[in-house]
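Chain residues, written in single-letter form:
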Amino acid sequence: MIVNLADVKPGSKVKVARIRGGLGIRQRLSCLGIHPGDFLRVQASGIMQGPILVSIHGNKIALGRGVASNVLVEVD
Amino acid sequence: MRIALVGQPNCGKSTIFNSVAGYKAITSNFPGKTVTYTVSKMTFQGKTSEIVDLPGTYSLTSFDLAELEARKYLLREKIDVVINVIDASLLGRGLELTLQLLELNLPTVICLNMIDEAEGKGIIIEDSELSRILGVPVVRTIALKGQGLDQLFKTVLEMGSNPIFGKHLTFSKDVEQEIQELKEQLEDNNFSKKFNVPLRFLAIKLLENDQYFIGEVRKKNFEFIKMVKAGQQKLEECRARTSDVVISSERHHLSMDIYETVVTITKPRMELKSYLDNIFMHPVLGYISLIAILYLFFNFVFYLGNLLEEPLLGFFYQFLPLIEEKLGHNLLLFNIVSGIIQGIAGGIAIVLPYLFPFLLGLAFLEDVGYLPRIAFLMDTFLHRIGLHGKAIIPLILGYGCTVPAVMATRILESERDRLIASILTTMIPCAARITIIFGLVAFYLGPKAALFVYILNIIVVAISGKILSQMMPEITPGMIMEIPSYHIPSPKVLLAKVWLRMKEFIVIAWPLLIIGSIALSLLKYWKLEYFINELISPVTLLLGLPIAVGVTLIFGILRKELSMIMLVQALGVTDISLVMNAAQIMTFTIFVLFYVPCAATIAVLIREIGGEKTVFTVLFTFLIALILATATRLVYYVFL
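Residues numbered from 1 in each chain as written. Chains lettered and ligands numbered in written order. Predicted model: local features only at pLDDT ≥ 70, side-chain atom pairs only at ≥ 80, totals over all residues.

A. Geometry of the sheet that holds strand E6 (residues 71–74) of chain A. One open sheet holds the seven strands; their spatial order is E1(A)-E6(A)-E2(A)-E3(A)-E4(A)-E5(A)-E9(B), and the pairing between them is antiparallel. The open sheet has two edge strands, strand E1 (2–4) of chain A together with strand E9 (480–483) of chain B, and neither has a second partner. Recorded for the sheet is a direction-independent mean angle of 40 degrees between the axes of neighbouring strands. Note: strand E3 (residues 39–45) of chain A against strand E4 (residues 52–56) of chain A, four bridges, orientation antiparallel. Within E4(A), the residue paired with Ser45(A) across the bridge is Ile52(A). Against the sheet, helix H17 (residues 371–384) of chain B makes contact with E4 and strand E5 (59–63) of chain A together with E9 of chain B, and its axis sits at roughly 140 degrees relative to E9(B), the strand it touches most. (Pairing = 2+ DSSP bridges. Helix = DSSP H or I, 4+ residues; strand = E, 2+ residues; numbered from the N terminus. Axes fitted to C-alpha atoms, helices over the stretch in contact; angles between N-to-C directions. Contact = placed C-beta atoms within 7 Å.)

B. Representation of unusual backbone geometry in the model. Of note in this structure, His57(A) is not a glycine but carries a positive phi near 45 degrees. With respect to the element layout, His57(A) can be found in the loop between E4 and E5. We note that Met114(B) has phi near 55 degrees; this positive angle belongs to a residue other than glycine. Relative to the helices and strands, Met114(B) is located in the loop between strand E5 (108–113) and helix H4 (115–120). The exposure class of Met114(B) is buried, given the 26 C-beta atoms found within 10 Å. (Buried ≥ 20, exposed ≤ 12 C-beta atoms within 10 Å, placed from the backbone.)

C. Seen up close, helix H20 (residues 415–427) of chain B. Residues and elements named next belong to chain B. Spanning 13 residues, H20 covers 19 Å between terminal C-alpha atoms, matching the ideal 18 Å at 1.5 Å per step. Counting buried residues in H20 gives 11 out of 13 residues, a clear majority hidden from the surface. Those residues of H20 not exposed but buried are Asp 417, Arg 418, Leu 419, Ile 420, Ala 421, Ser 422, Ile 423, Leu 424, Thr 425, Thr 426 and Met 427. Contacts made by the buried residues of H20 are with helix H18 (392–397), helix H19 (402–408), helix H22 (447–471), helix H27 (582–594), helix H28 (599–609) and helix H29 (611–639). (Expected span 1.5 Å × (residues − 1).)

D. Region of the structure containing the interface of chain B and chain A. Counting residues at the interface gives 29 residues for chain B and 29 residues for chain A. Looking at the side of chain B that touches chain A, the elements that each hand over two or more residues are helix H3 (91–102), helix H12 (243–262), H17 and E9 of chain B. Considering each element in turn, the side of chain B that touches chain A owes the most residues, five residues, to H12(B). Considered class by class, the residues forming the side of chain B that touches chain A number 11 nonpolar, 13 polar and five charged. Pairing of E5(A) with E9(B), which is carried by four bridges, proceeds in the antiparallel orientation. Looking at E9(B), one finds that Leu63(A) is bridged to Ile480(B). (Nonpolar A, V, L, I, M, F, W, Y, C, P; charged D, E, K, R; others polar.)

Shown next as structure tokens:
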């Protein structure tokens, strides 16, 4: 099932399916190692529409909720 | 010989730079602190070379201003050897930049830094294999501990006299074909004369839809863009993805392949620091610990500063009556000497006691890596005022000094975010204003009152942010930020950093303080201060402050500390509470806190946001200061 990253429960491991949005966001995410096909783990989700903390390739990245909702991921 | 340090943000470039150049570039544990390059001479084994510390850049496709600066330097300047610093614990990602750097055909040495960190994570790197694949030397270092740096610079020097160019690694066949084709078209159109970058590099960047190179090509040969678009389209057709994604995925896969070849994964060491974020970034515990940490920080600065201020002030002021006795009260000489003493005393007794513990505490939080955590926690609140989490970093640095803080706004992606963050940063009490809050409010009215000033300040900054973002409606792009691992700071580096920042005060501010004090003495002697005070009297009268305070407000624009130190002198007493009541002390502090940025800040604002917006900032902050200080006066009058 494809959902957006902002809706994923903390603790789950998901596979990046697609990144919505323009060139800017795609390139920024790819620089930080987030590409379609990669697996990442959602570590924490801030309260009150706060950001999402993910770990990918042994690195932690914080994504604002708006950014996270443009990252589509596959969950089981 | 010119050596350039290139690498992704937070991989240790500045640490390596400082270890050979002396502590000149501020290092901290957050991605993007180096916003401009620093150049220094270095001598190694009797040979002198020039070394450049460039801002971190994730790739050679640039977004923010700091990354752009790094790329511009790389493409324009003549560089003899590139040291590509890679955070070994993030090798896979670091290689993506390396692959692009090798395309530039510059002699390159790979520096695998933070090897200890990588091994802690269970990443064991076969560096000889990496060197074989890339075709350039690889050196392992732990820059923070100074390990491997001798070997690194030995290799760099050898490279300087005997350059080695790395290999160009090839992408998949279909992509490679497109690159080759475009490269040939570039050759046919004489682009090698128009650009001083290798054509293969240029071809890849164009296929990647890099806006800078597309623009440059368009300027030089408008028709050629059609060929670029055709190439992009072919890539898109065969991969069913946009061409930028095709290239970046190719590079990603190539890097991951290399990574898997050279790395053996073992069991990671269990370390306390991997659990810290379960508390510090927890949705509830994170905020509780943030408040606790800031509270401890505040108390640390207050108690240490307070402990030092009183005896130091007492020491200096015992001389004044003695000199008065010797020289007589009305002599010009007495006025000059007492001005000098008050200037020196102000610097040592009022500013330094608070500045030192504050800068030490800030340096500690920076180097441990706590600032990105604060950005994470504050993102949701900053969204409410129209910014995003990363904007907290310049704001926090603003508590140190506004000038570097305004420059730090370069880590923000959008121009409008940078503008709002710059204006808000000028309203954050910098170390100079902190000495006013501590030396005046905390000293005379108690630490609770000082804490109140801080909280009020945060509320005002938040409201101002809201107002400014309403004035400039635009959706902020949202936060994308790396959260680095925690590091245990080295005491040597901490002290070097505190010293670098204090030196600024001692070398620039202190002489100004002394000159200011003398100037005030002379103004008083010739009874000229009267005119200045008259000029400022509309403000001082409105705020209910003694008329004599006027002149200190003018000096305060030069350096914020001056307002406070000269207050003592202007009022002619050492104990301010004798001539100003609690309401006046509070009103004065609130006004000084917000009104008009200091001269150095105005200069950096003009550079970063332009003259017009700087004028706006000055008026905006002045208006806020006036409103708040008047309100403070009224509140005291009515309720207290």
